[in-house]
Amino acid sequence: MATKIDKEACREAYNLVRDDGTEVNWVTFKYNGSTIVPGDQGVDYETFKRKCTDDVRLFGFVRFTTGDAMSKRVKFALITWIGEEVSGLQRAKTGTDKTLVKEVVQNFAKEFVISDHKELDEDYIKNELKKAGGANYDAQTE
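Residues numbered from 1 in each chain as written. Predicted model: local features only at pLDDT ≥ 70, side-chain atom pairs only at ≥ 80, totals over all residues. Heavy atoms only, no water.

Per an unreviewed UniProt entry, the recorded name for the protein chain is Coactosin-like protein, and the organism is Pterocles burchelli. Quoted verbatim from the Sequence similarities (unreviewed entry) field of UniProt, the annotation for the protein chain is "Belongs to the actin-binding proteins ADF family. Coactosin subfamily." Taken from UniProt, the Subcellular location (unreviewed entry) comment for the protein chain reads in full: "Cytoplasm, Cytoskeleton". (UniProt positions renumbered as here; feature names shortened; annotations may be inferred.)

Rendered as structure tokens:
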């Protein structure tokens, strides 16, 4: 059965993360049968990481504050999590299903496909976002 996405519900969740007026820093998009729907949402990145268990596949849209001595800015990441215990067929489908998620989640600085918990490290993600962000004044000496 072809995967579908609940665009309106997912767009609402996506906009919560993008809205500076909310405290929501992340949202997951999960599978409900063959439909991708909004999952959990929250403020703390550690809570998001706990959703990424070995037996699930999900998509996460996460807000990070990055920057350097001269400027701070918000960057968004699209994280595709595929747990180690997810079957080969589901792993393959996740790649094609991501195109549905990208119809809703259109603005992000960097995309990650992760199946190793170590790669969910917040400092690693922020460093990758910083590299994608352009000017880095931390590299200069005074």
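*Asks:* Explanation requested: the pattern of salt bridges in the structure shown.
*Replies:* A side chain with one charge may pair with a side chain of the opposite charge, provided their charged atoms come close. Inspection of the entire model under this criterion finds 13 salt bridges. With a closest N to O distance of 3.4 Å, Asp 40 and Lys 51 form a salt bridge. A residue pair is termed long-range when its members are at least 10 positions apart, and Asp 40 in strand S3 (residues 35–42) and Lys 51 in helix H2 (residues 45–51) qualify at 11 residues. The class for Asp 40 is partly exposed, based on a relative accessible area of 38%. Among the charged side chains, a salt-bridge network with shared partners connects Arg 57, Lys 93 and Asp 97. (Salt bridge = Lys/Arg side-chain N within 4 Å of Asp/Glu carboxyl O. Helix = DSSP H or I, 4+ residues; strand = E, 2+ residues; numbered from the N terminus. Buried < 20%, exposed > 50% of the residue type's maximum accessible area, 1.4 Å probe, protein only.)

*Asks:* Hey, could you run me through helix H4 (residues 122–132) in this one?
*Replies:* Along an α-helix, a turn takes 3.6 residues, which lines up residues three or four apart on a common side. Every buried residue of H4 is listed here: Ile 125, Glu 128 and Leu 129. Each buried residue of H4 sits inside an arc of 100° when the element is viewed along its axis, so together they form one side. Turned more than 90 degrees off the buried face of H4, the exposed positions are Asp 123 and Lys 131. N-cap assignment for H4: the residue whose side-chain oxygen lies 3.2 Å from the backbone N of Asp 123 is Asp 121. (Arc of directions from axis to C-beta. Polar contact = N/O pair within 3.5 Å; in protein donor to acceptor, adjacent residues only side chain to side chain.)

*Asks:* What's the story with the pairing of strand S2 (residues 26–32) in this structure? I'm lost.
*Replies:* On a regular strand, one side chain projects to one face of the sheet and the next to the other, so that they alternate. Where burial is concerned, most of S2 is hidden: 5 out of the 7 residues are buried. As defined by bridge partners, S2 adjoins S3 across 6 bridges and the pair is classed as antiparallel. Bridged to Phe 29 within S3 is Pro 38. In sequence, S2 turns back onto S3 through a hairpin of 2 residues, with Gly 33 there showing a positive phi of about 70°. (Pairing = 2+ DSSP bridges.)

*Asks:* What is the right way to read helix H1 (residues 7–18) from this model?
*Replies:* Here H1 contains 12 residues, and its C-alpha end-to-end distance of 16 Å stays within 8% of the 16 Å for a straight helix at 1.5 Å per residue. Looking at H1, one finds that the buried residues are Cys 10, Ala 13, Tyr 14 and Val 17. Viewed along the axis of H1, the buried residues span an arc of 100°, placing them on a single side of the element. Along H1, exposed side chains directed more than 90 degrees from the buried face belong to Glu 8 and Glu 12. (Expected span 1.5 Å × (residues − 1).)

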